[in-house]
Amino acid sequence: MAAVNPSVFLLTVNGQIEGANFPEYDNLYCKYCYVFGHDWTPTSGLEEGITQITCKGSLSDKLIWNFPLETTFKSTSPSGWPQLVLSVYGPDVFGNDVVRGYGATHIPITPGKHSRTIPMFVPEPTWRLQRFTSWLLGRRPEYTDPKVVAQGEGRGVTRVRSQGFVTVSFNIMTKDMKKLGKSPLSTTVSEGGLSWRQRQEQQFGSEIVSGHM
């Protein structure tokens, strides 16, 4: 019997949101979600989630979550390769939960184990009055939808400030990519030929990104 050629390939993402380094803050938690193209469909696992709140240990400034990631996608095209979007939150001096950092990274395109240290950033108020009002009301500027971090459109020019890092480990498996004539090594995962950092500079300005991220 002739073998049936597959019509889709699979990408399985396992791993952990291991922890974070935010020297100025403690008692933080992390939300995650995926952003992917129209040809992609999650087939199992969670598309989004939230870690537990964690605090720094007595001998280390690192925050440890070790929160598992388990998701499988199917697609007919590498275009729109999935990205992991992270949002870290914690209490301010008034006890309100405020954003402490946004960040994003493409899921690694090659099978095997990978580690990513993701720089985080927060939007900054433009005017002094906005800064004072934000502090007084305990409300920092936030994105209505964190997914805009991974998208080039729908986001105006925003002043941002670097704030911490999050470490994520991945164990990637793919299935039937070669049978469909797709090679992970030749796959372009950047949007419009631009890397994530290049798109950040395009959106936020090179001086802001280079100086603060």
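Residues numbered from 1 in each chain as written. Predicted model: local features only at pLDDT ≥ 70, side-chain atom pairs only at ≥ 80, totals over all residues. Heavy atoms only, no water.

- Identification of the protein as B9 domain-containing protein 1 from Knipowitschia caucasica is taken from an unreviewed UniProt entry.
- The UniProt entry for the protein carries the following text under Subcellular location (unreviewed entry): "Cytoplasm, Cytoskeleton, Cilium basal body". (UniProt positions renumbered as here; feature names shortened; annotations may be inferred.)

1. Details of the overall build of the protein
Next up, step 1: Scanning the protein from terminus to terminus reveals 3 helices and 9 strands.
Next up, step 2: Element order for the protein, N to C, with α for helix and β for strand: β-β-β-β-β-β-β-β-α-β-α-α.
Next up, step 3: Within the protein, contacts between residues at least 6 apart in sequence are counted, and of these 75% link residues at least 24 apart.
Next up, step 4: In the structure as shown, the protein presents an accessible area of about 11,500 Å², 52% of it carried by carbon and sulfur atoms. (Helix = DSSP H or I, 4+ residues; strand = E, 2+ residues; numbered from the N terminus. Contact = heavy atoms within 4.5 Å. Areas by Shrake-Rupley, 256 points an atom, 1.4 Å probe, with all protein chains shown as cover.)

2. Thoughts on the packing of aromatic side chains
Next up, step 1: Counting across every chain of the model gives 10 aromatic pairs.
Next up, step 2: Measuring from centroid to centroid gives 5.3 Å for Tyr 34 and Phe 73, while their planes differ by 80 degrees, and the two rings are edge-to-face. Taken together, the residues Tyr 34 in strand 2 (residues 29-35) and Phe 73 in strand 5 (residues 63-75) connect sequence positions 39 residues apart.
Next up, step 3: An angle of 75 degrees between the planes, with centres 5.3 Å apart, marks the rings of Trp 40 and Trp 81 as edge-to-face. Here Trp 40, found in the loop between strand 2 and strand 3 (41-45), pairs with Trp 81, found in the loop between strand 5 and strand 6 (83-91); they are 41 residues apart in sequence, far enough to count as distant. Each of the two residues, Trp 40 as well as Trp 81, counts as buried.
Next up, step 4: These aromatic residues form a ring-pair network of at least three members: Phe 9, Tyr 32, Tyr 34, Phe 36, Trp 40, Phe 67, Phe 73 and Trp 81. (Phe/Tyr/Trp six-rings, centres within 6.5 Å; stacked < 30°, edge-to-face > 60°. Buried < 20%, exposed > 50% of the residue type's maximum accessible area, 1.4 Å probe, protein only.)

3. Digging into the environment of Phe 73
Next up, step 1: The exposure class of Phe 73 is buried, given its relative accessible area of 0%.
Next up, step 2: Spatially, the C-alpha atom of Phe 73 lies 9.8 Å from that of Glu 47, the residues being 26 residues apart in sequence.

4. Section: unusual backbone geometry
Next up, step 1: Positive phi, close to 55 degrees, is recorded for Asn 27, a residue that is not glycine.
Next up, step 2: With respect to the helices, strands and loops of the structure, Asn 27 is situated in the loop between strand 1 (9-21) and strand 2.

5. With respect to the side chain of Thr 105
Next up, step 1: Structurally, Thr 105 can be placed in strand 7 (residues 97-106).
Next up, step 2: Beyond its immediate chain neighbours, meaning those up to four positions away, Thr 105 contacts Gln 83, Leu 84, Arg 116, Ile 118 and Phe 170.

6. What about the pairing of strand 6?
Next up, step 1: Strand 6 sits mainly inside the fold: 8 of its 9 residues count as buried.
Next up, step 2: In the sheet, strand 2 pairs with strand 6 via 7 bridges, with the strands oriented antiparallel. Pairing of Tyr 34 across the sheet is with Leu 84, part of strand 6.
Next up, step 3: Pairing of strand 6 with strand 7 involves 9 bridges; the strand directions are antiparallel. Across the sheet, residue Gly 90 finds its bridge partner in strand 7, namely Val 98. (Pairing = 2+ DSSP bridges.)

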